Amino acid sequence: VQLQASGGGLVQAGDSLRLSCKVSGGTFSAYGMGWFRQAPGQERQFVAAIRWNGGSTLYGDSVKGRFTISRDNAKNTVYLQMNSLKPEDTAVYYCAAGRDPGWIRIKYDYWGQGTQVTVSS
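If you're wondering where the values come from, they're calculated on a predicted model, not measured in any experiment.

In terms of helices and strands, the chain carries zero helices and 11 strands. The helix and strand sequence of the chain, counted from the amino end, reads β-β-β-β-β-β-β-β-β-β-β. Along the first, second and third principal axes, the C-alpha atoms of the chain reach 40 × 30 × 25 Å. By the burial criterion, 41% of the 121 residues in the chain qualify as buried. Taking contacts inside the chain between residues at least 6 apart in sequence as the whole, the part at least 24 apart equals 55%. Only carbon and sulfur atoms are counted for the fraction: they give 46% of the accessible area of the chain, which is about 6100 Å². Side chains of the chain carry 13 positive and 8 negative charges; the gap between the two charge centres is 5 Å.

Below, the structure written as structure tokens:
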């Protein structure tokens, strides 16, 4: 299973970005999907997760109300819509796949390479 994240970039505070993660080599609809982020010198942090059928989502406290995770099983793709971005959202964002993993990092089996998001003040 391979995950390819894209959509990162340099934006200003208050702007929006949408990240995408394309999955290949597996049965996408069987996996719960998640987004994590890691800033320099910090541990990888849970951002959002979505169940295999999109019926349930979870968010980290710092992004609730600003970020939205969604998926398109026909396109084998999961998205992270990020609104009202803040400088503290600056990090490398990783997508991941697992069997109903929720917010638990170690339950994710497959990881993408990461995409950099930088938010300037």
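With that out of the way, let us pick up the packing of aromatic side chains. Scanning all chains against the criterion turns up five aromatic pairs. Each ring, one from Tyr31 and one from Tyr110, has its centre 5.9 Å from the other, and the planes form 80°; the classification is edge-to-face. Placement of the pair is Tyr31 in the loop between strand 3 (17-24) and strand 4 (32-38) and Tyr110 in strand 10 (residues 108-111), with a sequence separation of 79 residues. An angle of 85° between the planes, with centres 5.2 Å apart, marks the rings of Phe36 and Tyr108 as edge-to-face. Of the two residues, Phe36 sits in strand 4 while Tyr108 sits in strand 10, which places them 72 residues apart along the sequence. Assessed through its relative accessible area of 1%, Phe36 is described here as buried. A relative accessible area of 5% places Tyr108 in the buried class. Members of the aromatic cluster, each reached through a chain of ring pairs, are Phe36, Phe46, Tyr108 and Trp111.

With that settled, the discussion passes to the nonpolar core. Met33, Trp35, Leu80, Met82 and Tyr93 are the most contacted members of the largest nonpolar core, which has 28 residues in total. Setting aside anything within four residues of it in sequence, one finds Tyr93 in contact with Leu19, Trp35, Phe36, Arg37, Val47, Phe67, Leu80, Met82, Gly114, Thr115 and Val117. Phe36, Ala49, Ala96 and Tyr108 belong to the second largest nonpolar core, which has five residues in total.

Attention now goes to the sheet that holds strand 1 (residues 2-6). A sheet is described by the order of its strands in space; here four strands give the open sequence 1-3-8-7, paired in antiparallel fashion. Of all strands in the sheet, those bounded by a partner on one side alone are strand 1 and strand 7 (67-72). Here the strands of the sheet are splayed against their neighbours by 15° on average, with no regard to which way each runs. With six bridges joining them, strand 7 and strand 8 (residues 77-82) adopt antiparallel strand pairing. Bridging across to strand 8, Asp72 finds its partner in Thr77.

Reading guide: rules and limits
Residues numbered from 1 in each chain as written. Predicted model: local features only at pLDDT ≥ 70, side-chain atom pairs only at ≥ 80, totals over all residues. Heavy atoms only, no water. Helix = DSSP H or I, 4+ residues; strand = E, 2+ residues; numbered from the N terminus. Buried < 20%, exposed > 50% of the residue type's maximum accessible area, 1.4 Å probe, protein only. Contact = heavy atoms within 4.5 Å. Areas by Shrake-Rupley, 256 points an atom, 1.4 Å probe, with all protein chains shown as cover. Lys, Arg positive; Asp, Glu negative; His and termini not counted. Charge placed at Lys NZ, Arg CZ, Asp CG, Glu CD. Phe/Tyr/Trp six-rings, centres within 6.5 Å; stacked < 30°, edge-to-face > 60°. Core = buried A, V, L, I, M, F, W, Y, C linked by side-chain atoms within 4.5 Å. Pairing = 2+ DSSP bridges. Axes fitted to C-alpha atoms, helices over the stretch in contact; angles between N-to-C directions.

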